[in-house]
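Breakdown of the fold
Letter by letter, the chains look like this.
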Amino acid sequence: MSSSPPMVLVFAASDPTGGAGMQADILTLAGMGCHPLTVVTAITVQDTAGVDGVSAIDAEWVADQARMLLEDMPVEAFKIGMLGSVENIAVIAEILSDYPDIPVVLDPVLASGRGDDLSSEDMIAAMKEMIIPQATLITPNSIEARLLTMIEGEEDDIPLEECANRLIQMGCESVLITGTHDNTPRVYNVLYGVDGVVQTDAWDRLPGSYHGSGCTLASAIAAGLAYGNELKRAVRDGQEYTYETLKAAFRPGMGQYIPDRFFWAQETPVQGNA
């Protein structure tokens, strides 16, 4: 019997397009050589253009899914995406607190690519209070970083370094703020720690709009941590993998492009038997 690949436990909503959400996490983790364990937090009605409906899974079911997996198999990392409800956030926070040595990568899913709201104000408040303090890394884009840290009455142009500082003050260890939504020729992703900027990576901005790029990045980083890599390397490797999936992205519907998480498999087509 061969040894098991690293296992990553994902809390996320199901996306029937396969572009984002749990399906994106599964494809990414498999593409990075990990074995995904999945806890469904919500089901959605959506296509590649946007989300039309969300139904949260009962919190007890969320907890039961996770507990059975954790009692059966060794988990090397947690990846957290869309959580569905305040009740789900509470039970997931309790589970995380029982496994403090397992790294946690949080992708704070607040809206779809079209702008559909996916987290209420109560959910954002609960995430800030219960999940962010337990995160090893949080991976917001610039819009999400400002929404998570804005004080009532404050302008929405908070410097991103200040956003990162506020998120770290909430308790998370590190913050990777991505520049995908900024109007710049290149995409700048900045990793922050308790002492400020840790590293900055720049990537050529690709044309088009992508469904599931944030899920891909967070899952790829979680895979690196599951392999035991230090955070800086996991972040760099996760970005490189994500960039390659976006370069190879395809547009199966009438909306956004979907990253190809198995881009490397297309380079050498499988040959049939002669």
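Use the structure listed above.
For the structure given in this document, a descriptive report is provided here.

How each quantity is defined
Within each chain, residue numbers correspond to sequence positions counted from 1 in written order. Restriction of local features to residues with pLDDT of at least 70 applies here, the model being predicted, together with a cutoff of 80 or more for giving and counting side-chain atom pairs; totals for whole chains, interfaces and linings are based on all residues. Remark: hydrogens and water are excluded; side-chain values derive from all non-hydrogen atoms of the structure. Note on aromatic contacts: the rings of Phe and Tyr and the six-membered ring of Trp form a pair at centre separations within 6.5 Å, being stacked when their planes are under 30 degrees apart, edge-to-face when over 60 apart, and tilted otherwise. Helix numbering and strand numbering both begin at the N terminus, where a helix is a DSSP run of H or I of at least 4 residues and a strand a DSSP run of E of at least 2. In this scheme, a residue with accessible area under 20% of its type's maximum is buried, one over 50% is exposed, and one in between is partly exposed, where area comes from a 1.4 Å probe on protein chains only. Here, nonpolar core refers to any group of buried Ala, Val, Leu, Ile, Met, Phe, Trp, Tyr and Cys residues whose side-chain atoms link them within 4.5 Å. Contact definition: two residues touch when any of their heavy atoms are within 4.5 Å. In this scheme, strands are said to pair when DSSP sees at least two bridges between them. Lines fitted to the C-alpha atoms define the axes, with helices restricted to the stretch that makes contact. Angles between their N-to-C directions range from 0 to 180 degrees. Roughly parallel here means an angle under 35 degrees, roughly antiparallel means over 145, roughly perpendicular means 65 to 115, and every remaining angle is called oblique. Handedness of each helix crossing follows the sense of rotation of the near helix against the far helix: counterclockwise by less than a right angle gives left-handed, clockwise gives right-handed. Classification convention: Asp, Glu, Lys, Arg as charged; Ala, Val, Leu, Ile, Met, Phe, Trp, Tyr, Cys, Pro as nonpolar; all other residues, Gly among them, as polar. The term salt bridge refers to a side-chain nitrogen of Lys or Arg lying within 4 Å of a carboxyl oxygen of Asp or Glu. What the arc measures is the spread of directions leading from the helix axis to the C-beta atoms. Two N or O atoms form a polar contact when they lie within 3.5 Å of each other; inside protein one atom must be a possible hydrogen donor and the other a possible acceptor, and for residues adjacent in sequence the pair counts only when both atoms belong to side chains.

On to the packing of aromatic side chains. Across all of its chains, the model carries 6 aromatic pairs by this definition. Plain terms: the ring middles of Tyr241 and Phe263 are 5.6 Å apart, the flat faces sit at 55° to each other, and that makes the pair tilted. Linking Tyr241 in helix H8 (residues 231-247) with Phe263 in the segment after H8, this pair joins segments that are 22 residues apart in sequence. For Tyr241, a relative accessible area of 7% gives the class buried. Through pairs of rings, three or more aromatic residues link up here, namely Phe11, Phe78 and Tyr99.

Moving on, we come to the nonpolar core. With 45 residues, the main nonpolar core has Leu9, Phe11, Phe78, Ile80, Ile92 and Ile131 as its most contacted residues. Beyond its immediate sequence surroundings of up to four residues, Ile131 is in contact with Ile80, Leu83, Ile89, Ile92, Ala93, Leu96, Leu106 and Ala126.

Before going further, it helps to spend a moment on the pairing of strand S1 (residues 7-14). Most of S1 is tucked away, with 8 of its 8 residues classed as buried. Sheet topology places S1 next to strand S2 (residues 35-46); 8 bridges connect them, and they run parallel. Pairing of Val10 across the sheet is with Thr38, part of S2. Across 4 bridges, the pairing between S1 and strand S4 (residues 77-80) is parallel. Within the sheet, the bridge partner assigned to Leu9 lies in S4 and is Phe78.

Another point: the packing of helix H7 (residues 213-226) against H8. It is the contact of H7 with H8, at a shortest axis distance of 8 Å, that shows an interaxial angle of 140°. Considered as vectors, H7 and H8 are oriented oblique to each other. The handedness of the crossing between H7 and H8 comes out as right-handed. On H8, the residues that touch Ser213, Thr216, Leu217, Ala220, Ile221, Gly224 and Leu225 of H7 are Leu231, Ala234, Val235, Gly238, Gln239, Tyr241, Thr242, Thr245 and Leu246. Taken together, the residues of the contact of H7 with H8 break down into 9 nonpolar, 7 polar and no charged.

A complete count under the given rule lists 8 salt bridges for this structure. Its salt-bridge partner being Asp201, residue Arg236 comes within 2.5 Å of it at the nearest N-O pair. Residue Arg236 is found in helix H8, and its partner Asp201 is found in strand S9 (residues 196-204); the two are separated by 35 residues along the sequence. The residue Glu244 makes a salt bridge to Lys247 at a minimum N-O spacing of 3.7 Å.

As a further point, take the sheet that holds strand S6 (residues 137-138). Pairing between the strands of a sheet is mediated by backbone hydrogen bonds and can be parallel or antiparallel. With mixed pairing, 9 strands are arranged side by side in an open sheet as S3-S2-S1-S4-S5-S6-S7-S8-S9. Because the sheet does not close on itself, it has two edges, and the strands there are strand S3 (51-56) and S9. Against the sheet, helix H2 (residues 59-72) engages S1, S2 and S4, with an angle of about 165° to S2.

Further remarks concern helix H6 (residues 160-169). Taken together, the buried positions of H6 are occupied by Cys163, Ala164, Arg166, Leu167 and Ile168. Taken from the residues just after H6, Gly171 is the one with a positive phi, measuring 130°.

This part takes up the environment of Leu27. Within the element layout of this structure, Leu27 appears in helix H1 (residues 21-31). Along the backbone, Leu27 and Val197 are 170 residues apart, and their C-alpha atoms lie at a distance of 31 Å. Apart from the residues within four sequence positions on either side, Leu27 is in contact with Gly18, Tyr241, Arg261 and Phe262.

For the rest of this paragraph, the subject is the environment of Val86. Tracing the backbone shows Val86 in helix H3 (residues 86-98). As for Val86 and Glu121, which are separated by 35 residues in sequence, their C-alpha atoms are 9.9 Å apart. When near neighbours in sequence (up to four residues on either side) are disregarded, Val86 contacts Asp122, Met123 and Ala126.

So, about helix H5 (residues 142-149). Those residues of H5 not exposed but buried are Ser142, Glu144, Ala145, Leu148 and Thr149. Seen along its axis, H5 keeps its buried residues to an arc of 165°; they face one direction. Of the surrounding secondary structure, the elements contacted by the buried residues of H5 are helix H4 (121-131), S6, H6 and strand S7 (174-177). A distance of 3.0 Å separates the backbone nitrogen of Ile143 from a side-chain oxygen at the start of H5, and that oxygen is part of Asn141.

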